[in-house]
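Spelled out from the first residue to the last, the chains are:
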Amino acid sequence: MDALAMEFADDTFDLVWACESGEHMPDKKKYVEEMTRVLAPGGNMVIACWCQREETAERPLTDDDKARLQFLYDEWAHPFFISIQEFCRLMEGTGKMEAVGAEDWTPQTLPSWRHSNLVGVLDPWFVMFKWNPKLWYKVTREIVTLERMHRAFDMGLMEYGLMRGVKAAKPAGGAAAAAAAGGERRQQQEQQQAAGAAV
Ligand SMILES: C[S@@+](CC[C@H](N)C(=O)[O-])C[C@H]1O[C@@H](n2cnc3c(N)ncnc32)[C@H](O)[C@@H]1O
């Protein structure tokens, strides 16, 4: 299902989480809005996503930074990345997400890039025994891209974003108020029954 146009009804899930898919979304605002829409009031959202560092007037992206990012966009079909801060702004911008926060998990995830290449070195048999020039070419490009990913994260150009938030509860009134009133009535009945039993 397309994450930018999900078929789920509004307010469906207690938890909505996304793992490394936002990188591919050509419309990050719609991506966040769709996840917010299907999240039930009071529910949690967690997004793990490769992000690029925030560009500021004091610290603009250099030509070298831009060339490094363009390589990463092109190689793995990413339209563009956004910053951790921009993800938080998008979540807050829905007007429905509260307690929005984020962490940079680059230190925890950095070893995985080189580990992926190490796995290729330790277990290369599916490539070795298949004489397929196209496959060899693809694998070689992957090795280079994994190393360039590692470097981009290591130099602070990329950041591993872990964003989270809670969807605001619906204001009292309508169905929510009726449910609350029902709960109160049940509580009163239970109290009366307990009192009766005690008598
Ligand atoms: C880097 S993979 C991550 C896969 C998985 N979440 C994981 O962590 O192993 C990116 C995934 O995003 C998916 N994807 C890209 N655009 C999408 C879209 N518009 N709707 C749903 N999924 C999409 C791709 O199919 C791919 O499986």
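Structure's up top.
Overview of the structure. Small disclaimer: the values here were computed from a predicted structure and weren't measured.

What counts, and where the lines are drawn
- Residues numbered from 1 in each chain as written.
- Predicted model: local features only at pLDDT ≥ 70, side-chain atom pairs only at ≥ 80, totals over all residues.
- Heavy atoms only, no water.
- Pairing = 2+ DSSP bridges.
- Helix = DSSP H or I, 4+ residues; strand = E, 2+ residues; numbered from the N terminus.
- Axes fitted to C-alpha atoms, helices over the stretch in contact; angles between N-to-C directions.
- Near = heavy atom within 4 Å.
- Polar contact = N/O pair within 3.5 Å; in protein donor to acceptor, adjacent residues only side chain to side chain.
- Areas by Shrake-Rupley, 256 points an atom, 1.4 Å probe, with all protein chains shown as cover.
- Salt bridge = Lys/Arg side-chain N within 4 Å of Asp/Glu carboxyl O.
- Buried < 20%, exposed > 50% of the residue type's maximum accessible area, 1.4 Å probe, protein only.
- Phe/Tyr/Trp six-rings, centres within 6.5 Å; stacked < 30°, edge-to-face > 60°.
- Parallel < 35°, antiparallel > 145°, perpendicular 65-115°, else oblique.
- Left-handed = near helix turned anticlockwise from the far one by under 90°.
- Contact = heavy atoms within 4.5 Å.
- Nonpolar A, V, L, I, M, F, W, Y, C, P; charged D, E, K, R; others polar.

What about the sheet that holds strand β2 (residues 39-52)?
Move 1: Taken together, the four strands give an open sheet; going across it, the order is β1-β2-β4-β3, and neighbouring strands pair in mixed fashion. Strands at the two margins of the open sheet, each flanked by one partner only, are β1 (13-19) and β3 (97-104). Direction aside, neighbouring strands of the sheet carry axes that sit 10° apart on average.
Move 2: Here β3 runs beside strand β4 (residues 158-167); their pairing, made up of six bridges, is antiparallel.

Concerning the site of the ligand
Move 1: Around the ligand sit M1, D2, A3, C19, E20, S21, H24 and M25, and those are all the residues in its vicinity.
Move 2: A distance of 2.9 Å separates a nitrogen atom of the ligand from a polar atom in the side chain of D2.
Move 3: Between A3 and the ligand, the recorded distance is 2.8 Å, taken from a backbone N or O atom to a nitrogen atom.
Move 4: When the ligand is considered free in solution it has 590 Å² of accessible area, and contact with the protein chains removes 46% of it.

Here we look at the pattern of salt bridges
Move 1: Scanning the model with the defined rule gives twelve salt bridges in all.
Move 2: Between E54 and R89 there is a salt bridge, and its shortest N-O distance comes to 3.1 Å. Highlighted residues: E54 in the loop between β2 and α2 (63-75) and R89 in helix α3 (residues 84-93), separated in sequence by 35 residues.
Move 3: With relative accessibility at 41%, the residue R89 sits in the partly exposed group.
Move 4: Here R89 ties to E86 by a salt bridge, and the two come within 2.9 Å at their closest N and O atoms. With a gap of three residues between them, R89 and E86 both fall in helix α3, about one helical turn apart.
Move 5: Exposure remark for E86: the relative accessible area of 28% places this residue in the partly exposed category.

Thoughts on the packing of aromatic side chains
How two aromatic rings sit relative to each other is set out by the distance from centre to centre and by the angle between their planes.
Move 1: Enumeration according to the criterion identifies six aromatic pairs in this entry.
Move 2: Relative to W113, the ring of W50 lies with its centre 5.2 Å away and its plane at 65°, an arrangement referred to as edge-to-face. Of this pair, W50 sits in strand β2 while W113 sits in helix α5 (residues 111-122), and the two are 63 residues apart along the sequence.
Move 3: Overall, the relative accessible area of 7% leaves W113 in the buried class.
Move 4: Plain terms: the ring middles of W76 and W113 are 6.4 Å apart, the flat faces sit at 25° to each other, and that makes the pair stacked. Here the residue W76 occupies a position in the loop between α2 and α3, and W113 occupies one in helix α5, the gap between them amounting to 37 residues.

Some details on the packing of helix α1 (residues 28-38) against α3
Move 1: For the pair α1 and α3, interaxial distance at closest approach is 9 Å and the crossing angle is 50°. The pairing of α1 with α3 is recorded here as oblique in orientation. Judged by the sense of rotation from one axis to the other, the crossing of α1 with α3 is right-handed. For the pair formed by α1 and α3, the contact residues are K28, K29, Y31 and V32 on the first element and F87, L90 and M91 on the second.
Move 2: Residue composition of the contact of α1 with α3, grouped by class: five nonpolar, no polar and two charged.

Some thoughts on the environment of G120
Move 1: Following the sequence through the fold, G120 ends up in helix α5.
Move 2: Considered as a pair, G120 and V139 are 19 residues apart in the sequence and their alpha carbons are 8.8 Å apart.

Remarks on the packing of α2 against helix α7 (residues 133-154)
Move 1: Running from N to C, α2 and α7 cross one another at 135°; their axes reach a closest spacing of 11 Å. Put simply, α2 runs oblique to α7. The two elements α2 and α7 meet at a crossing, and its hand is left-handed. Contact with α2, carried on its side by R68, F71, L72 and E75, involves R141, V144, T145, R148, M149 and A152 of α7 and no other residues of that element.
Move 2: When the residues that make up the contact of α2 with α7 are grouped by side-chain class, the tally is five nonpolar, one polar and four charged.

In short, shape yes, function no, at least from these values alone.
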